[in-house]
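Structural characterization, general
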Amino acid sequence: MNDTSIAQNLTPATSKSSWLTRLLLLAIGLLGLIAGGLIAIGIIPFTPDIPPAGLTNGNPGSGGLRRPFPAMNVRESNPSTPEKAELGRLLYFDPILSGDNTQSCATCHHPDLGFTDGRNISMGVGGKGIGTARTGGRELTRNSPSIWNAAWFHRLFWDGRAIDLEDQARNPITSEDEMNQKPEDLVKELKAIPAYVGMFEKAFGGSGASAVTFDNVTNAIAAFERTVISNNSPFDRYAAGETNALTAEQRRGLTLFRSLKTRCFECHGFPTFANPDFKVIGVPPMPGRQSTLADEGRGKIEGGDPYKFAFKVPTLRNVALTPPYMHNGRFQTLEEVIDFYSLGGGQGFGLDLPNLDDKIRRFSITQEEKKDLVAFLHSLTDESKKPEIPAKVPSGLPVVPRIEPAARGSAMPAPIAVATSMSRPDRDPRTWRVKPGTSIQATLDQTVPGDVIEIMPGTYHEMLLVDVDNITIRGLKEKDQRAVLDGRNQLTDAVITSSHNFTIEGLSIRDYVNNGITVHGGMNATFRDLVVHNTGLYGVYPVECKGVLIENCLVTGIRDAGIYVGQSRDIIVRNNEAHDNVTGIEIENSVNALVENNYVHQNTGGILVFLLPNNPSKVGSDSKVVRNRIINNNHPNFGDATAIVGRVVPGSGLIIMAADRTEVTENEIRGNDSFGVAVVGLAIAYPEGRTFDVGAIPEGNRIYGNKLKDNGRNPAGLVKEMGAINIDLLWDGSGWDNTWNDPGAKTFPALLPSDNWPGIARKSYTRIFTFLRDRLL
């Protein structure tokens, strides 16, 4: 579970007596019958749940370890050509772009400094020199971001205020603090240089210098910057099948990068190692400088409170070339960055950020692990397409000189010694047999797509990293004996993969510190006949996948969700048993999930269908929860008390939070001490006035035909304080088009809309209920 649950708000500021609550419910019922015309004539306004513009549902299942780069962010009006790119290269290095003819783009984005300037905070107009030696100018507010692979950025600048490279180029040229150039003056200067006039005409057409416009200046620079590409690093060669492209140290670092211990992969996904979203991580201020919290980042541009102090997730490609790090240059080395995250981001530096990203959590890391992780980050280095600095430019103004970067500890890439290229063999698929005492990983390293790994019964103390598509890992059984992956409460994750068509079945997996099985970004992931116990935060964890099948698994002893499916689509979770976890099954920010014939019992919470903010996927809809047994989910919460999951209240049967069009039917739901089924919006779980980047109201959910018994016998928090004892069905009033049809169920409020109510009656009833609820409860 990755965000606030309903349980966060189960302790009200004040309590009301149960007689007042019952009186309120009777009043609501009567008012709902006569209020149909109030909305129609505008006396009571009604606000539909409309997700913010421009948000998408992500792109689950877009690739495995070898996933292709997405389409570049290219304007239709500015298709790239070699002529535009060459013109843009010369303009990029030409100081004519600045008002006093002393600065070029390369002043702050120098090729020898990873297309940055090597400074904590960049320096603009009036400055002399380049890199860390630049002095005397107007200091800006942020660190200079790299333009490596900027062609794939969804937004530009740390706050995302530019929509593309053309838009980005315009900003620093015209900024009074940076290059301080007037477009009309620049065009006049360029038209006076015949060489430039000829290049503009060749790139854009026209005659008589008509092609020399400020728009075409930015178009040409953008075309050049789209050629600044890094995609042939040691990691890329490894992903393409060159098995020894990474050192043993780097492979261990890759495993850490993809583990639920560090969770790096969840924001820096393959292949861009970036993220279209903006994250609040709590970077502390530079010593002696104004507080970081004076810079509200994305929240100053759009998004409101959820994005206050949020900044763009940068690419990690060529990250070893671009110190210092973060939007304010706070950290000088990669080791310092890792230490920052291991302390839990800003909270480890004493910053109080209520909207800190939920994935920013403390973790322990050894010096050896840190060394491995830094080594992997170095493996993302590739300057093979680094453009040449021109010897001269048409203006005749001086061009930035070459720079020998100063060493900054491990933040500068060490030479990587790679042996003779060794690719995976070209052969037909085969079946491998692994016996106790031999290494499963060593066998995986020899596989090709289509191979099957059969593991004989016995105990194996390994973490498995699967980097080949179409692989099946199958545990064999002899009598009652299984093959067991045993982390001995020391290893972090049991299995990590981003591969397509991955199947794992027949294994017992136990005693890992952080996670059981992670499939990130794969298509057609199958988990079958697994026994998973005590594997940390999650047992089964497919995320950003398309096509997920989880069946006949037993998951116990998990500190967050036993079975979790997030940011995914086309999901089947069936015939599983989950007990003695904090939560049994969670479907989060996903589309088209079937949760069927599962037995969830003795968890803190049974089944959760959530749509939560600040995730790559912005939708959660069209799930079916059918024929499940959701029984006695009253286990004490043993999750991390400092994390949100630690506030889940025992006795929660099924919760639908902000998700849309969930169908809940033919389930047996009994013995859950707080409630059977709750349908709630995000507002119940967040501070008043909070805005969201997702639709916050559950809409179109249908709860009908369930067997409900003995729920709500010992409710906690707000449910108890409202006098809602023995409640099967709970609704907070969010979403007028949710309907219930479970005759005989005990409900809060006492009257729930059914599908035979006219729409206008449901709307008016919802509005009146929430109006009175907000004022009396």
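Residues numbered from 1 in each chain as written. Predicted model: local features only at pLDDT ≥ 70, side-chain atom pairs only at ≥ 80, totals over all residues. Heavy atoms only, no water.

1. Quick notes on the sheet that holds strand β9 (residues 493-497)
Pairing within the open sheet is parallel, and its 11 strands lie in the order β6-β9-β12-β15-β18-β21-β24-β27-β30-β33-β35. This sheet does not close on itself; its edge strands, each paired only once, are β6 (464-466) and β35 (747-748). Note: strand β21 (residues 583-588) against strand β24 (residues 605-610), five bridges, orientation parallel. What sits directly across from E588, in β24, is F610. (Pairing = 2+ DSSP bridges. Helix = DSSP H or I, 4+ residues; strand = E, 2+ residues; numbered from the N terminus.)

2. Re the pairing of strand β16 (residues 546-551)
For β16, the tally of buried residues reaches five of six residues, placing the bulk of the element in the interior. Sheet topology note: the strand β13 (residues 523-528)/β16 ladder contains five bridges and is parallel. By the bridge assignment, M523 is partnered in β16 with K546. When β16 meets strand β19 (residues 569-574), the two strands line up parallel, connected through five bridges. What sits directly across from K546, in β19, is R569. (Buried < 20%, exposed > 50% of the residue type's maximum accessible area, 1.4 Å probe, protein only.)

3. A word on the sheet that holds β19
Across the sheet, 12 strands lie side by side as β3-β4-β7-β10-β13-β16-β19-β22-β25-β28-β31-β34; this open sheet has parallel pairing. In the strand order of this sheet, the two ends are held by β3 (431-434) and β34 (739-741), each with one partner. Adjacent strand axes in the sheet meet at a mean angle of 10°, parallel and antiparallel pairs treated alike. Pairing analysis gives three bridges linking strand β31 (residues 702-704) to β34, with the strands arranged parallel. (Axes fitted to C-alpha atoms, helices over the stretch in contact; angles between N-to-C directions.)

4. So, the pairing of strand β27 (residues 652-657)
Extensive coverage of β27 is indicated by the burial of six of its six residues. Sheet topology places β24 next to β27; five bridges connect them, and they run parallel. Its bridge partner lying in β27, F610 is registered against M657. Here five bridges tie β27 to strand β30 (residues 675-680), and the two strands are oriented parallel to one another.

Note that every value here comes from positions in space, so none of it alone points to a role or purpose.
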